[in-house]
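Working through the structure, step by step
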Amino acid sequence: MTLYINLAGIFMLALVASILAMFFNKSRPVAKFLLVFLTAILVVAVITVLYFRRPMEFEKHYVNTALPLETLLLNKRLQQAGMYLGAPPRNANQLDSHAYRHVFNSITPENDLKLGHLLDIETLEYDFTQADALVTEAIKRNIRVRGHALVWGKLSDIFNAPDLDLWLSHFPELERTAKLTHLLDLHITSVLNHYQGKILEWDVVNEPLEMFGRGQLEKNVFYRHLGEEYIERAFFKAKAIDPELQLYLNEQFFNYTDQRAEAFYQLVMSLLNKGVPIDGIGLQGHMVFHLATPEETAAYVKRFTSLGLKVQITEFEARLRLFSDAQDPYQAQGEYYRDVMRICYEIDGFDGITFWGVDDSISWLDDMSWLFPKPNEAYLLDAQQRAKPGLILIDQWLKAN
Ligand code: XIL
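For clarity, every value in this text was computed on a predicted model and none was experimentally measured.

What counts and what doesn't
Residues numbered from 1 in each chain as written. Predicted model: local features only at pLDDT ≥ 70, side-chain atom pairs only at ≥ 80, totals over all residues. Heavy atoms only, no water. Buried < 20%, exposed > 50% of the residue type's maximum accessible area, 1.4 Å probe, protein only. Helix = DSSP H or I, 4+ residues; strand = E, 2+ residues; numbered from the N terminus. Arc of directions from axis to C-beta. Contact = heavy atoms within 4.5 Å. Core = buried A, V, L, I, M, F, W, Y, C linked by side-chain atoms within 4.5 Å. Phe/Tyr/Trp six-rings, centres within 6.5 Å; stacked < 30°, edge-to-face > 60°. Lys NZ or Arg CZ within 6 Å of the ring centre and 35° of its normal. Near = heavy atom within 4 Å. Polar contact = N/O pair within 3.5 Å; in protein donor to acceptor, adjacent residues only side chain to side chain. Areas by Shrake-Rupley, 256 points an atom, 1.4 Å probe, with all protein chains shown as cover. Nonpolar A, V, L, I, M, F, W, Y, C, P; charged D, E, K, R; others polar. Axes fitted to C-alpha atoms, helices over the stretch in contact; angles between N-to-C directions. Parallel < 35°, antiparallel > 145°, perpendicular 65-115°, else oblique. Left-handed = near helix turned anticlockwise from the far one by under 90°. Expected span 1.5 Å × (residues − 1).

1. Side note on helix H3 (residues 74-81)
The complete set of buried residues in H3 reads Leu 74, Asn 75, Arg 77 and Leu 78. The arc enclosing the buried residues of H3, seen along the axis, measures out at 165°, which places them on a common side. Every exposed residue of H3 that faces more than 90 degrees away from the buried side is listed here: Lys 76 and Gln 80. Where the residues of H3 are buried, they touch strand E1 (85-87), helix H4 (98-103), helix H13 (329-345) and helix H15 (389-400). Positive backbone phi, approximately 65°, marks Gly 82, located one or two places after H3.

2. Topic: the environment of Trp 202
Position of Trp 202 among the secondary structure elements: in strand E6 (residues 201-206). Here Trp 202 falls in the buried class, since its relative accessible area comes to 0%. Distance from Trp 202 to Asp 366, taken between C-alpha atoms, is 27 Å for residues 164 residues apart in sequence. Residues contacting Trp 202, with those up to four places away along its chain left out, are Leu 113, Gly 147, His 148, Leu 150, Val 191, Leu 192, Tyr 195, Leu 245, Gln 246, Leu 247 and Tyr 248.

3. So, the nonpolar core
In terms of nonpolar packing, the biggest core is built from 108 residues, with Leu 85, Trp 202, Leu 249, Phe 264 and Ile 281 touching the most fellow members. With seven residues, H13 is the largest single contributor of residues to this core. Leaving out residues up to four positions away in the same chain, Ile 281 has contacts with Tyr 248, Leu 249, Phe 264, Val 268, Phe 304, Leu 309, Lys 310, Val 311 and Gln 312.

4. Remarks on the packing of aromatic side chains
For the structure shown, the criterion picks out 27 aromatic pairs. With centroids separated by 5.3 Å and ring planes inclined at 80°, the aromatic side chains of Trp 167 and Phe 171 adopt a geometry described as edge-to-face. For Trp 167, a relative accessible area of 7% translates into the label buried. Aromatic side chains Phe 253 and Tyr 300 sit 5.3 Å apart centroid to centroid with 75° between the ring planes, which places their arrangement in the edge-to-face category. Of this pair, Phe 253 sits in the loop between strand E7 (246-251) and helix H11 (259-273) while Tyr 300 sits in helix H12 (residues 294-305); the two residues are 47 residues apart in sequence, bridging distant segments of the chain. Here a set of aromatic residues connected by ring pairs shows up, and it is made of Tyr 51, Phe 52, Phe 212, Phe 254, Phe 289, Trp 364 and Phe 372. The side chain of Arg 144 reaches across the aromatic face of Tyr 84, ending 3.7 Å from its centre.

5. Let's talk about the site of the ligand
Within the structure, the ligand sits among 14 residues, and Glu 110, Lys 114, His 148, Asn 206 and Glu 315 are positioned closest to it. Glu 207 is positioned with one of its side-chain polar atoms (N or O) 3.2 Å from a nitrogen atom of the ligand. A distance of 3.2 Å is found between an oxygen atom of the ligand and a side-chain nitrogen or oxygen belonging to Gln 284. In isolation the ligand offers 410 Å² of accessible surface; the protein chains occlude 87% of this area. Taken together, the residues of the shell around the ligand sort by class into four nonpolar, five polar and five charged.

6. Notes on the packing of H11 against H12
Following both chains from N to C, one finds H11 and H12 inclined at 15°, their axes separated by 11 Å at the closest point. With respect to H12, the axis of H11 lies roughly parallel. The hand of the H11/H12 crossing is right-handed. Across the interface between the two elements, Ala 261, Glu 262, Phe 264, Tyr 265 and Val 268 from H11 touch Tyr 300, Arg 303 and Phe 304 from H12. Across the contact of H11 with H12, the residue classes break down as six nonpolar, no polar and two charged.

7. What about the environment of Gln 333?
Structurally, Gln 333 can be placed in helix H13. A relative accessible area of 1% places Gln 333 in the buried class. Along the chain, Gln 333 and Arg 319 lie 14 residues apart, while their C-alpha atoms are 8.3 Å from each other. Those residues in contact with Gln 333, other than ones at most four positions away along the chain, are Ala 318, Arg 319, Leu 320, Phe 323, Asn 376, Glu 377, Ala 378, Tyr 379 and Lys 388.

8. Quick look at helix H6 (residues 129-140)
Spanning 12 residues, H6 covers 16 Å between terminal C-alpha atoms, matching the ideal 16 Å at 1.5 Å per step. Of the positions making up H6, those classed as buried are Ala 131, Leu 134, Val 135, Glu 137 and Ala 138. Angular distribution of buried residues about the axis of H6 spans 165°; they occupy a single face of the element. Of the exposed residues in H6, those oriented more than 90 degrees away from the buried face are Thr 129 and Lys 140. The inward-facing, buried residues of H6 abut strand E2 (106-107), helix H5 (115-118) and strand E5 (144-152). Taken from the residues just after H6, Asn 142 is the one with a positive phi, measuring 65°.

Written out as C-alpha coordinates, the structure is:
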(Lines give C-alpha, C1' and ligand atoms only; values in the text may rest on other atoms or scores of the structure.)
Protein backbone atom coordinates (compact mmCIF):
# COMPACT_ATOMS: atom_id res chain seq x y z
CA MET A 1 0.00 0.00 0.00
CA THR A 2 2.76 2.45 1.00
CA LEU A 3 4.42 1.75 -2.35
CA TYR A 4 1.32 2.91 -4.23
CA ILE A 5 0.97 6.01 -2.10
CA ASN A 6 4.63 6.83 -2.81
CA LEU A 7 4.18 6.21 -6.53
CA ALA A 8 1.09 8.43 -6.60
CA GLY A 9 3.09 11.14 -4.79
CA ILE A 10 5.97 10.94 -7.27
CA PHE A 11 3.48 11.05 -10.12
CA MET A 12 1.77 14.17 -8.76
CA LEU A 13 5.14 15.88 -8.17
CA ALA A 14 6.21 15.13 -11.75
CA LEU A 15 2.91 16.47 -13.03
CA VAL A 16 3.24 19.69 -11.03
CA ALA A 17 6.91 20.04 -12.09
CA SER A 18 6.07 19.71 -15.78
CA ILE A 19 3.21 22.22 -15.50
CA LEU A 20 5.55 24.68 -13.76
CA ALA A 21 8.24 24.11 -16.39
CA MET A 22 5.68 24.85 -19.11
CA PHE A 23 4.63 27.94 -17.27
CA PHE A 24 8.14 29.30 -16.87
CA ASN A 25 9.00 28.32 -20.41
CA LYS A 26 12.05 26.25 -19.50
CA SER A 27 13.03 23.10 -21.51
CA ARG A 28 9.63 23.38 -23.15
CA PRO A 29 9.62 20.31 -25.48
CA VAL A 30 10.59 17.96 -22.64
CA ALA A 31 8.01 19.51 -20.34
CA LYS A 32 5.37 19.29 -23.05
CA PHE A 33 6.13 15.62 -23.62
CA LEU A 34 6.01 14.92 -19.90
CA LEU A 35 2.75 16.76 -19.53
CA VAL A 36 1.07 14.80 -22.33
CA PHE A 37 2.51 11.53 -21.05
CA LEU A 38 1.46 12.06 -17.45
CA THR A 39 -1.98 13.31 -18.43
CA ALA A 40 -2.47 10.15 -20.50
CA ILE A 41 -1.53 8.02 -17.48
CA LEU A 42 -3.95 9.99 -15.33
CA VAL A 43 -6.79 9.48 -17.81
CA VAL A 44 -6.11 5.73 -18.05
CA ALA A 45 -5.97 5.49 -14.25
CA VAL A 46 -9.28 7.31 -13.83
CA ILE A 47 -10.98 5.14 -16.48
CA THR A 48 -9.64 1.97 -14.86
CA VAL A 49 -10.87 3.01 -11.41
CA LEU A 50 -14.29 3.97 -12.81
CA TYR A 51 -14.49 0.66 -14.68
CA PHE A 52 -13.77 -1.38 -11.58
CA ARG A 53 -16.15 0.66 -9.46
CA ARG A 54 -19.09 0.80 -11.86
CA PRO A 55 -22.38 -0.01 -10.16
CA MET A 56 -23.94 -3.37 -10.90
CA GLU A 57 -26.98 -5.28 -9.82
CA PHE A 58 -28.21 -8.71 -10.96
CA GLU A 59 -31.49 -10.51 -10.69
CA LYS A 60 -31.58 -13.39 -8.28
CA HIS A 61 -33.36 -15.95 -10.47
CA TYR A 62 -32.27 -18.74 -8.15
CA VAL A 63 -34.51 -17.50 -5.37
CA ASN A 64 -37.56 -19.14 -6.97
CA THR A 65 -35.90 -22.54 -6.85
CA ALA A 66 -33.78 -22.13 -3.71
CA LEU A 67 -34.06 -25.15 -1.45
CA PRO A 68 -33.97 -24.80 2.32
CA LEU A 69 -30.50 -25.81 3.54
CA GLU A 70 -31.91 -28.52 5.77
CA THR A 71 -33.22 -30.41 2.76
CA LEU A 72 -29.74 -30.68 1.28
CA LEU A 73 -27.72 -33.69 2.35
CA LEU A 74 -24.43 -32.03 1.66
CA ASN A 75 -22.94 -32.63 5.03
CA LYS A 76 -23.56 -36.38 4.81
CA ARG A 77 -22.44 -36.60 1.21
CA LEU A 78 -19.17 -34.83 2.00
CA GLN A 79 -18.55 -37.12 4.94
CA GLN A 80 -19.19 -40.21 2.79
CA ALA A 81 -16.90 -38.97 0.06
CA GLY A 82 -14.17 -38.01 2.56
CA MET A 83 -14.21 -34.42 1.30
CA TYR A 84 -14.01 -31.15 3.13
CA LEU A 85 -15.98 -28.00 2.42
CA GLY A 86 -15.17 -25.19 4.81
CA ALA A 87 -16.04 -21.67 5.90
CA PRO A 88 -14.57 -19.11 8.31
CA PRO A 89 -16.80 -18.43 11.35
CA ARG A 90 -16.22 -15.26 13.32
CA ASN A 91 -17.46 -16.75 16.59
CA ALA A 92 -18.80 -19.94 18.19
CA ASN A 93 -22.47 -18.90 17.93
CA GLN A 94 -22.30 -18.98 14.15
CA LEU A 95 -21.80 -22.74 14.29
CA ASP A 96 -25.33 -23.08 15.58
CA SER A 97 -26.86 -22.47 12.16
CA HIS A 98 -28.19 -24.50 9.27
CA ALA A 99 -25.03 -23.64 7.36
CA TYR A 100 -22.84 -25.65 9.71
CA ARG A 101 -25.43 -28.27 10.56
CA HIS A 102 -26.21 -29.14 6.96
CA VAL A 103 -23.43 -27.85 4.75
CA PHE A 104 -19.90 -27.16 5.96
CA ASN A 105 -17.78 -29.82 7.65
CA SER A 106 -14.61 -27.81 8.12
CA ILE A 107 -13.80 -24.38 9.55
CA THR A 108 -10.95 -21.93 9.55
CA PRO A 109 -11.49 -19.35 12.29
CA GLU A 110 -11.41 -16.11 10.30
CA ASN A 111 -9.38 -14.14 12.84
CA ASP A 112 -9.57 -15.75 16.27
CA LEU A 113 -6.35 -17.74 15.96
CA LYS A 114 -4.23 -14.89 14.65
CA LEU A 115 -1.43 -13.56 16.80
CA GLY A 116 -3.05 -10.19 17.47
CA HIS A 117 -6.24 -11.89 18.67
CA LEU A 118 -4.52 -14.29 21.08
CA LEU A 119 -1.62 -12.35 22.47
CA ASP A 120 -1.35 -9.09 24.36
CA ILE A 121 1.90 -7.93 22.82
CA GLU A 122 2.73 -5.59 25.71
CA THR A 123 2.47 -8.18 28.49
CA LEU A 124 3.16 -11.26 26.32
CA GLU A 125 0.12 -12.90 27.89
CA TYR A 126 -2.25 -15.15 25.99
CA ASP A 127 -6.02 -15.11 26.13
CA PHE A 128 -7.53 -18.11 24.38
CA THR A 129 -11.11 -17.59 25.61
CA GLN A 130 -12.75 -16.60 22.34
CA ALA A 131 -10.79 -19.01 20.17
CA ASP A 132 -11.35 -21.88 22.62
CA ALA A 133 -15.11 -21.39 22.51
CA LEU A 134 -15.07 -21.71 18.74
CA VAL A 135 -12.67 -24.64 18.56
CA THR A 136 -14.49 -26.58 21.29
CA GLU A 137 -17.85 -26.04 19.62
CA ALA A 138 -16.48 -27.19 16.26
CA ILE A 139 -14.98 -30.36 17.72
CA LYS A 140 -18.25 -31.09 19.50
CA ARG A 141 -20.01 -30.89 16.15
CA ASN A 142 -17.43 -33.09 14.44
CA ILE A 143 -16.21 -30.24 12.26
CA ARG A 144 -12.58 -30.15 11.18
CA VAL A 145 -10.60 -27.09 12.31
CA ARG A 146 -7.80 -25.52 10.26
CA GLY A 147 -5.40 -23.40 12.27
CA HIS A 148 -4.77 -20.02 10.66
CA ALA A 149 -2.13 -18.65 10.91
CA LEU A 150 0.98 -18.88 13.07
CA VAL A 151 3.25 -16.44 11.21
CA TRP A 152 1.80 -13.69 9.04
CA GLY A 153 3.93 -10.68 8.27
CA LYS A 154 1.84 -8.97 5.62
CA LEU A 155 0.00 -5.74 6.42
CA SER A 156 0.35 -6.42 10.12
CA ASP A 157 0.28 -2.66 10.68
CA ILE A 158 -3.01 -2.19 8.80
CA PHE A 159 -4.80 -5.21 10.24
CA ASN A 160 -3.29 -4.49 13.63
CA ALA A 161 -2.18 -8.07 13.66
CA PRO A 162 -0.54 -6.53 15.82
CA ASP A 163 1.82 -3.87 14.47
CA LEU A 164 5.10 -5.65 15.20
CA ASP A 165 7.25 -2.85 13.79
CA LEU A 166 5.73 -0.49 16.30
CA TRP A 167 6.30 -3.00 19.10
CA LEU A 168 9.94 -3.52 18.08
CA SER A 169 10.56 0.22 17.89
CA HIS A 170 10.32 0.31 21.69
CA PHE A 171 13.52 -1.74 21.95
CA PRO A 172 17.09 -0.70 21.09
CA GLU A 173 17.97 -1.66 17.52
CA LEU A 174 20.51 -4.24 18.57
CA GLU A 175 17.94 -6.18 20.58
CA ARG A 176 15.22 -6.34 17.95
CA THR A 177 16.24 -9.55 16.17
CA ALA A 178 16.46 -11.40 19.47
CA LYS A 179 13.10 -10.00 20.61
CA LEU A 180 11.31 -11.03 17.43
CA THR A 181 12.94 -14.47 17.35
CA HIS A 182 11.82 -15.00 20.93
CA LEU A 183 8.30 -13.90 20.02
CA LEU A 184 8.15 -16.24 17.02
CA ASP A 185 9.28 -19.22 19.10
CA LEU A 186 7.09 -18.32 22.06
CA HIS A 187 4.03 -17.92 19.87
CA ILE A 188 4.40 -21.17 17.98
CA THR A 189 5.14 -23.07 21.18
CA SER A 190 2.28 -21.57 23.18
CA VAL A 191 -0.37 -21.95 20.51
CA LEU A 192 0.56 -25.44 19.36
CA ASN A 193 0.80 -26.73 22.92
CA HIS A 194 -2.55 -25.20 23.74
CA TYR A 195 -4.29 -26.80 20.77
CA GLN A 196 -2.43 -30.10 20.76
CA GLY A 197 -4.78 -32.89 19.72
CA LYS A 198 -7.52 -30.40 18.83
CA ILE A 199 -6.24 -28.59 15.77
CA LEU A 200 -4.33 -30.99 13.59
CA GLU A 201 -3.33 -28.74 10.70
CA TRP A 202 -1.91 -25.26 10.62
CA ASP A 203 -1.02 -22.55 8.18
CA VAL A 204 2.45 -22.14 9.64
CA VAL A 205 3.52 -19.28 7.38
CA ASN A 206 0.97 -17.16 5.58
CA GLU A 207 1.67 -15.03 2.49
CA PRO A 208 5.47 -15.07 2.38
CA LEU A 209 5.56 -13.47 -1.09
CA GLU A 210 5.10 -9.87 -2.11
CA MET A 211 1.49 -9.53 -3.22
CA PHE A 212 2.41 -8.27 -6.70
CA GLY A 213 5.48 -8.59 -8.85
CA ARG A 214 7.62 -11.52 -9.79
CA GLY A 215 7.42 -13.50 -6.59
CA GLN A 216 10.09 -12.04 -4.37
CA LEU A 217 9.85 -12.77 -0.68
CA GLU A 218 8.07 -9.93 1.02
CA LYS A 219 10.37 -7.80 3.12
CA ASN A 220 7.97 -8.08 6.05
CA VAL A 221 8.92 -7.54 9.66
CA PHE A 222 10.07 -11.17 10.10
CA TYR A 223 12.19 -11.08 6.93
CA ARG A 224 13.82 -7.80 7.88
CA HIS A 225 14.86 -8.95 11.34
CA LEU A 226 15.36 -12.72 10.94
CA GLY A 227 16.17 -13.00 7.24
CA GLU A 228 14.46 -15.42 4.88
CA GLU A 229 15.20 -18.20 7.38
CA TYR A 230 12.16 -17.10 9.37
CA ILE A 231 10.10 -19.42 7.17
CA GLU A 232 12.06 -22.57 7.85
CA ARG A 233 12.50 -21.64 11.50
CA ALA A 234 8.72 -21.53 11.91
CA PHE A 235 8.24 -24.94 10.25
CA PHE A 236 11.03 -26.65 12.21
CA LYS A 237 9.72 -25.21 15.45
CA ALA A 238 6.17 -26.40 14.74
CA LYS A 239 7.40 -29.86 13.79
CA ALA A 240 9.49 -30.12 16.95
CA ILE A 241 6.48 -29.32 19.11
CA ASP A 242 4.15 -31.81 17.48
CA PRO A 243 5.47 -34.09 14.72
CA GLU A 244 1.92 -35.29 13.99
CA LEU A 245 0.66 -31.93 12.74
CA GLN A 246 0.00 -31.17 9.09
CA LEU A 247 2.02 -28.05 8.35
CA TYR A 248 0.95 -25.77 5.52
CA LEU A 249 2.50 -22.90 3.61
CA ASN A 250 -0.35 -20.62 2.53
CA GLU A 251 -0.25 -18.03 -0.28
CA GLN A 252 -2.56 -15.89 -2.39
CA PHE A 253 -2.32 -15.84 -6.21
CA PHE A 254 -4.10 -13.75 -8.81
CA ASN A 255 -3.36 -16.40 -11.41
CA TYR A 256 -1.48 -19.69 -11.39
CA THR A 257 0.54 -19.23 -14.54
CA ASP A 258 2.75 -16.17 -14.13
CA GLN A 259 6.29 -15.72 -12.87
CA ARG A 260 5.10 -15.18 -9.35
CA ALA A 261 3.36 -18.58 -9.29
CA GLU A 262 6.55 -20.13 -10.68
CA ALA A 263 8.65 -18.36 -8.04
CA PHE A 264 6.42 -19.78 -5.31
CA TYR A 265 6.88 -23.26 -6.71
CA GLN A 266 10.65 -22.74 -6.69
CA LEU A 267 10.47 -21.49 -3.11
CA VAL A 268 8.63 -24.65 -2.06
CA MET A 269 11.18 -26.82 -3.89
CA SER A 270 14.09 -25.09 -2.23
CA LEU A 271 12.51 -25.42 1.21
CA LEU A 272 11.83 -29.12 0.61
CA ASN A 273 15.42 -29.60 -0.56
CA LYS A 274 16.59 -28.15 2.72
CA GLY A 275 14.44 -30.70 4.55
CA VAL A 276 11.90 -28.16 5.81
CA PRO A 277 8.90 -30.14 7.08
CA ILE A 278 6.14 -28.83 4.83
CA ASP A 279 3.17 -31.18 4.46
CA GLY A 280 0.84 -29.06 2.42
CA ILE A 281 0.29 -26.01 0.29
CA GLY A 282 -2.64 -23.68 0.79
CA LEU A 283 -3.78 -21.72 -2.23
CA GLN A 284 -5.91 -18.96 -0.79
CA GLY A 285 -8.00 -18.48 -3.93
CA HIS A 286 -9.32 -14.93 -3.48
CA MET A 287 -10.56 -14.27 -7.00
CA VAL A 288 -10.99 -10.55 -6.60
CA PHE A 289 -9.87 -9.02 -9.91
CA HIS A 290 -9.50 -12.01 -12.20
CA LEU A 291 -10.75 -15.61 -12.39
CA ALA A 292 -8.20 -18.40 -12.63
CA THR A 293 -9.89 -21.11 -14.70
CA PRO A 294 -10.61 -24.48 -13.07
CA GLU A 295 -8.07 -26.08 -15.46
CA GLU A 296 -5.32 -23.61 -14.53
CA THR A 297 -6.08 -24.14 -10.87
CA ALA A 298 -5.92 -27.92 -11.20
CA ALA A 299 -2.66 -27.79 -13.16
CA TYR A 300 -1.03 -25.75 -10.40
CA VAL A 301 -2.43 -28.02 -7.68
CA LYS A 302 -0.91 -31.03 -9.48
CA ARG A 303 2.54 -29.48 -9.48
CA PHE A 304 2.54 -29.74 -5.70
CA THR A 305 0.67 -33.00 -5.24
CA SER A 306 3.15 -34.66 -7.59
CA LEU A 307 5.86 -33.70 -5.07
CA GLY A 308 3.93 -35.68 -2.46
CA LEU A 309 2.43 -32.59 -0.83
CA LYS A 310 -1.20 -32.09 0.08
CA VAL A 311 -2.98 -29.08 -1.36
CA GLN A 312 -6.05 -27.19 -0.23
CA ILE A 313 -7.85 -24.12 -1.47
CA THR A 314 -8.00 -22.26 1.79
CA GLU A 315 -9.81 -18.93 1.30
CA PHE A 316 -11.90 -19.34 -1.81
CA GLU A 317 -14.16 -16.64 -3.22
CA ALA A 318 -14.97 -15.23 -6.64
CA ARG A 319 -16.67 -11.84 -6.60
CA LEU A 320 -20.02 -11.85 -8.32
CA ARG A 321 -19.06 -8.91 -10.54
CA LEU A 322 -16.41 -11.08 -12.18
CA PHE A 323 -19.32 -12.94 -13.81
CA SER A 324 -21.09 -9.81 -15.03
CA ASP A 325 -20.83 -10.88 -18.69
CA ALA A 326 -22.84 -14.04 -18.09
CA GLN A 327 -26.57 -14.11 -18.71
CA ASP A 328 -27.12 -15.20 -15.11
CA PRO A 329 -24.08 -14.24 -13.03
CA TYR A 330 -25.26 -16.19 -9.96
CA GLN A 331 -25.56 -19.34 -12.03
CA ALA A 332 -22.17 -18.76 -13.68
CA GLN A 333 -20.55 -18.20 -10.30
CA GLY A 334 -22.10 -21.44 -9.04
CA GLU A 335 -20.89 -23.40 -12.04
CA TYR A 336 -17.41 -22.01 -11.52
CA TYR A 337 -17.40 -23.16 -7.89
CA ARG A 338 -18.71 -26.63 -8.77
CA ASP A 339 -16.15 -26.98 -11.57
CA VAL A 340 -13.20 -25.93 -9.42
CA MET A 341 -14.26 -28.31 -6.67
CA ARG A 342 -14.87 -31.17 -9.09
CA ILE A 343 -11.60 -30.85 -10.98
CA CYS A 344 -9.53 -30.40 -7.85
CA TYR A 345 -11.06 -33.35 -6.04
CA GLU A 346 -10.08 -35.54 -8.97
CA ILE A 347 -6.48 -34.99 -7.88
CA ASP A 348 -4.96 -37.36 -5.35
CA GLY A 349 -3.68 -35.31 -2.45
CA PHE A 350 -6.22 -32.52 -2.76
CA ASP A 351 -7.57 -32.14 0.74
CA GLY A 352 -10.22 -29.47 0.99
CA ILE A 353 -11.78 -26.31 -0.18
CA THR A 354 -12.65 -23.54 2.24
CA PHE A 355 -14.62 -20.44 1.32
CA TRP A 356 -13.67 -17.13 2.94
CA GLY A 357 -17.24 -16.44 3.92
CA VAL A 358 -20.29 -18.41 5.01
CA ASP A 359 -22.99 -16.33 3.40
CA ASP A 360 -23.30 -13.00 1.61
CA SER A 361 -24.32 -11.10 4.73
CA ILE A 362 -20.81 -11.03 6.21
CA SER A 363 -17.70 -10.59 4.14
CA TRP A 364 -14.27 -9.11 4.61
CA LEU A 365 -14.63 -7.88 0.99
CA ASP A 366 -17.67 -5.81 1.92
CA ASP A 367 -15.78 -4.54 4.97
CA MET A 368 -13.27 -3.16 2.45
CA SER A 369 -15.74 -2.03 -0.21
CA TRP A 370 -13.53 1.01 -1.01
CA LEU A 371 -11.21 -1.57 -2.59
CA PHE A 372 -13.75 -4.25 -3.51
CA PRO A 373 -16.88 -2.39 -4.62
CA LYS A 374 -20.10 -4.36 -4.32
CA PRO A 375 -21.63 -6.62 -5.42
CA ASN A 376 -19.11 -9.07 -4.00
CA GLU A 377 -21.64 -11.76 -2.96
CA ALA A 378 -18.95 -14.35 -3.20
CA TYR A 379 -20.30 -17.22 -1.12
CA LEU A 380 -22.41 -20.35 -1.39
CA LEU A 381 -25.32 -19.00 0.68
CA ASP A 382 -26.99 -15.66 0.16
CA ALA A 383 -27.52 -13.03 2.83
CA GLN A 384 -30.73 -14.81 3.95
CA GLN A 385 -28.80 -18.09 4.15
CA ARG A 386 -30.61 -19.49 1.11
CA ALA A 387 -28.73 -21.91 -1.10
CA LYS A 388 -27.22 -20.17 -4.13
CA PRO A 389 -26.65 -22.09 -7.36
CA GLY A 390 -23.13 -23.16 -6.38
CA LEU A 391 -24.39 -25.03 -3.37
CA ILE A 392 -27.13 -26.82 -5.30
CA LEU A 393 -24.70 -27.73 -8.07
CA ILE A 394 -22.13 -29.08 -5.62
CA ASP A 395 -24.87 -31.09 -3.91
CA GLN A 396 -26.04 -32.51 -7.25
CA TRP A 397 -22.51 -33.37 -8.27
CA LEU A 398 -21.86 -35.21 -5.01
CA LYS A 399 -25.17 -37.00 -5.29
CA ALA A 400 -24.28 -38.26 -8.77
CA ASN A 401 -20.84 -39.33 -7.60
C1 XIL B 1 -8.86 -11.20 6.78
C2 XIL B 1 -10.17 -11.30 7.55
O3 XIL B 1 -11.15 -11.87 6.72
C4 XIL B 1 -10.58 -9.93 8.02
O5 XIL B 1 -11.72 -10.04 8.86
C6 XIL B 1 -9.43 -9.28 8.80
O7 XIL B 1 -9.77 -7.96 9.12
C8 XIL B 1 -8.16 -9.28 7.98
O9 XIL B 1 -7.86 -10.60 7.55
N10 XIL B 1 -5.60 -13.45 3.56
C11 XIL B 1 -5.62 -14.16 4.75
C12 XIL B 1 -6.72 -13.95 5.70
O13 XIL B 1 -4.79 -15.05 4.93
O14 XIL B 1 -6.34 -14.19 7.03
C15 XIL B 1 -7.32 -12.58 5.58
O16 XIL B 1 -8.45 -12.50 6.43
C17 XIL B 1 -7.70 -12.30 4.13
C18 XIL B 1 -6.47 -12.35 3.26
